[in-house]
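Close look at the chain arrangement
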Amino acid sequence: MTADQLVARMRPFGTTIFSEMSALAVSTGSINLGQGFPDTDGPPEMLAAAAEALRSGANQYPPLPGIPALRAAIVEHDRRFWGLETDPDTEVVVTAGATEAVAASILGLCEAGDEVVCFEPYYDSYAASITLAGAVRRPVTLRPGPDGRYVFDEGELRAAFGPRTRLVLLNSPHNPTGKVFTRDELTLIATLCQEHDVSVVTDEVYEHLAFTDAVTPHVPIATLPGMRERTLRISSAGKTFSCTGWKIGWATGPAALVSATQRVKQFLTFVNAAPLQPAVAVALGLPDSYFTGFRAGLQSRRDRLVAGLTDAGFRVLPSEGTYFVTADITPLGGTDGADFCRSLPARCGVVAVPTQVFYDHKEAGRHLIRFAFCKKESVIDEAADRFRKLT
Ligand code: PMP
Ligand code: GLN
């Protein structure tokens, strides 16, 4: 027997960069701008509802698709913000975070050998889920254009579609680049999906974090003509309500796509986090002011971090959304983001994430690193002070 008992197809994946970099932050006492988690709690109404649910007996298995109150709140939220109409009984499934929704949908929709078109850099779980399903990823590279905004080449996207294409896996607002896909870009993707009769799985965990100065507001691709019936839309409470440890996500869309996801999901976790489900229902029902205030808070913290990075000599690429901004290390003499991030704690006591780990074509991201700004202003200011040691 070989020493490594892991199935061959998973061996390339190792430990996630988030675990590695968070461990480095702890062991070096550095400021952790690597893994994307807020350092403050979410809305008090949500926390109070969770405590109340825990004390009042909501501690057994919830129904497989999620408790009715949460499904109703998801439907109402999607109607309020995006004008989407969804049947709470057949078109919603609550999952253990967006991560499980991504995994279960890919496992439920892809035969071995099917191809999944995605945009690199991509969130790390996408590659692992595609591989677990025995499917094949067809990455299209996002590259900074002349104004620094990440763009893709239309020809490259067209060429990624073929007879085995089963899904497009889309993420907007996009981690790690902070790109918000424009309506024109989404329309092109939608047209190709219709031409090739392909479904879309769309990860919109940052749906409330397209900043007001983005070229475009967030547009769920499901709202484009002809796309509602072929789109599975995924979101999660973690980012919008600053509770990344709760792992409450969901997938919505046509019953056939939701059912395929749910039938796999029932054998992954079955259900999760009973007392947190009613609390997320409360959070989804908060007034618009919560959502705009949350976005404004992140946008001003983005600006604060960008100013600090720019002062330190990084070439900062525009972030239009999410918790993240990417920076080019070339002006600081860096060539390899992984080496740079491993040495950053010793050099200045800050942790970031090399984005090359999110690419198949690693050269395209070798010189780029990602910083999270979902942190207290005092923490961002302290990081900015520390960056000055780099020059
Ligand atoms: N998708 C993206 C793009 C993310 O950044 C994250 C990290 N929150 C996830 C999915 C995972 O979300 P969750 O924690 O709800 O599983
Ligand atoms: N989504 C978070 C990020 O991109 C981390 C999630 C994780 O640790 N798996 O930083």
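For the structure itself, look to the data block above.
Report on the accompanying structure. Here the structure is a predicted model, which is why all the values come from computation and not from measurement.

Cut-off values and rules
Residues numbered from 1 in each chain as written. Chains lettered and ligands numbered in written order. Predicted model: local features only at pLDDT ≥ 70, side-chain atom pairs only at ≥ 80, totals over all residues. Heavy atoms only, no water. Helix = DSSP H or I, 4+ residues; strand = E, 2+ residues; numbered from the N terminus. Rg over C-alpha atoms; globule rule 2.2 N^0.38 Å. Buried < 20%, exposed > 50% of the residue type's maximum accessible area, 1.4 Å probe, protein only. Contact = heavy atoms within 4.5 Å. Areas by Shrake-Rupley, 256 points an atom, 1.4 Å probe, with all protein chains shown as cover. Expected span 1.5 Å × (residues − 1). Arc of directions from axis to C-beta. Phe/Tyr/Trp six-rings, centres within 6.5 Å; stacked < 30°, edge-to-face > 60°. Near = heavy atom within 4 Å. Polar contact = N/O pair within 3.5 Å; in protein donor to acceptor, adjacent residues only side chain to side chain. Nonpolar A, V, L, I, M, F, W, Y, C, P; charged D, E, K, R; others polar. Pairing = 2+ DSSP bridges. Axes fitted to C-alpha atoms, helices over the stretch in contact; angles between N-to-C directions. Parallel < 35°, antiparallel > 145°, perpendicular 65-115°, else oblique. Left-handed = near helix turned anticlockwise from the far one by under 90°.

**Some remarks on the overall build of the protein**
The helix and strand tally for the protein stands at 13 helices and 15 strands. Taken over the C-alpha trace, the protein has a radius of gyration of 20 Å; the compact-globule value for 391 residues is 21 Å, and the two agree within 12%. If one aligns the C-alpha atoms of the protein with their principal axes, the spans along those axes are about 60 × 55 × 50 Å. By residue count, 59% of the 391 residues in the protein fall in the buried class. Residue pairs in contact within the protein that sit at least 24 positions apart in sequence constitute 75% of those at least 6 positions apart. Approximately 15,300 Å² of the protein is accessible, and the part contributed by carbon and sulfur atoms is 55%.

**Some remarks on helix α1 (residues 17–28)**
Its twelve residues give α1 an end-to-end C-alpha distance of 16 Å, which sits within 8% of 16 Å, the value for a rise of 1.5 Å per residue. When we look at burial in α1, the residues that qualify are I17, F18, M21, S22 and A25. Here the buried residues of α1 occupy an arc of 120° about the axis, which is enough to place them on one side. Of the exposed residues in α1, the ones pointing more than 90 degrees away from its buried face are V26 and S27. Each element contacted by the buried residues of α1 is listed here: β1 (31–32), α5 (124–132), α12 (337–348), β13 (350–351), β14 (353–354) and β15 (368–372). In the stretch just after α1, G29 is the one whose phi turns positive, near 65°.

**Points about the packing of aromatic side chains**
Counted according to the given criterion, the structure contains 21 aromatic pairs. Taking the centre distance of 5.6 Å and the plane angle of 75° together, the rings of F314 and F371 count as edge-to-face. You can see F314 sitting in the loop between α11 (288–311) and β11 (315–316) and its partner F371 sitting in strand β15, a full 57 residues away along the chain. With respect to class, F314 is no different from F371; both count as buried. Note on F371 and F387: the rings are 5.5 Å apart at their centroids and 80° apart in plane angle, and the pair reads as edge-to-face.

**With respect to the site of ligand 2**
Around ligand 2, the surrounding shell consists of F18, Q35, G36, Y123, N175, K239, F324 and R370. Interatomic distance of 2.6 Å between a side-chain N/O atom of Q35 and an oxygen atom of ligand 2. One nitrogen or oxygen atom from the side chain of K239 is found 3.1 Å from a nitrogen atom belonging to ligand 2. Isolated, ligand 2 exposes 300 Å² of accessible area, and the fraction of that covered by the protein chains is 80%. Taken together, the residues that form the shell around ligand 2 break down as three nonpolar, three polar and two charged.

**Structural notes on the sheet that holds strand β12 (residues 324–328)**
Taken together, four strands build an open sheet; the order of strands is β11-β12-β15-β14 and the sheet is antiparallel. The open sheet is flanked by β11 and β14, the only strands paired with a single partner. With two bridges joining them, β14 and β15 adopt antiparallel strand pairing. Directly across from P354, in β15, lies its bridge partner I369.

**Here we look at helix α7 (residues 183–196)**
Working note: α-helix, 3.6 residues per turn, so residues spaced by three or four point in the same direction. Compared with an ideal rise of 1.5 Å per residue, which puts 14 residues at 20 Å, α7 spans 20 Å between its outermost C-alpha atoms and is within 8% of the ideal. Turning to α7, its buried residues are E185, L186, L188, I189, A190, L192 and C193. Where the residues of α7 are buried, they touch β3 (115–120), β6 (150–151), α6 (154–160), β7 (165–171) and β8 (199–203).

**Quick notes on the sheet that holds strand β2 (residues 92–96)**
Pairing is mixed across the open sheet formed by seven strands, whose spatial order is β2-β10-β9-β8-β7-β3-β4. At either margin of the open sheet sits one strand with a lone partner, and together these are β2 and β4 (136–141). On average, each strand axis in the sheet is tilted by 25° relative to the strand beside it, whichever way the strands run. Here β7 pairs with β8 via five bridges, running parallel. Residue L170 lies in a different strand from β8, and its bridge partner there is T202. Running at roughly 35° to β2, helix α9 (residues 255–268) makes contact with β2, β8, β9 (231–236) and β10 (248–252) of the sheet.

**Structural notes on the site of ligand 1**
Around ligand 1, the structure places G97, A98, T99, Y123, N171, N175, D203, V205, Y206, S236, K239 and K247. A distance of 2.5 Å separates an oxygen atom of ligand 1 from a polar side-chain atom of T99. Take K247: an N or O atom from its side chain is 2.7 Å from an oxygen atom of ligand 1. For ligand 1, whose unbound accessible area comes to 390 Å², protein coverage reaches 94%. Looking at the shell around ligand 1, the element that brings in the most residues is helix α4 (residues 97–109), giving three residues.

**Description of the packing of α1 against α12**
Following both chains from N to C, one finds α1 and α12 inclined at 15°, their axes separated by 10 Å at the closest point. Taken as axis vectors, α1 and α12 run roughly parallel relative to one another. Crossing geometry of α1 relative to α12 is assigned as right-handed. Here E20, M21, L24 and T28 of α1 lie close against α12, whose contacting residues are C341, R342 and P345. Across the contact of α1 with α12, the residue classes tally to four nonpolar, one polar and two charged.

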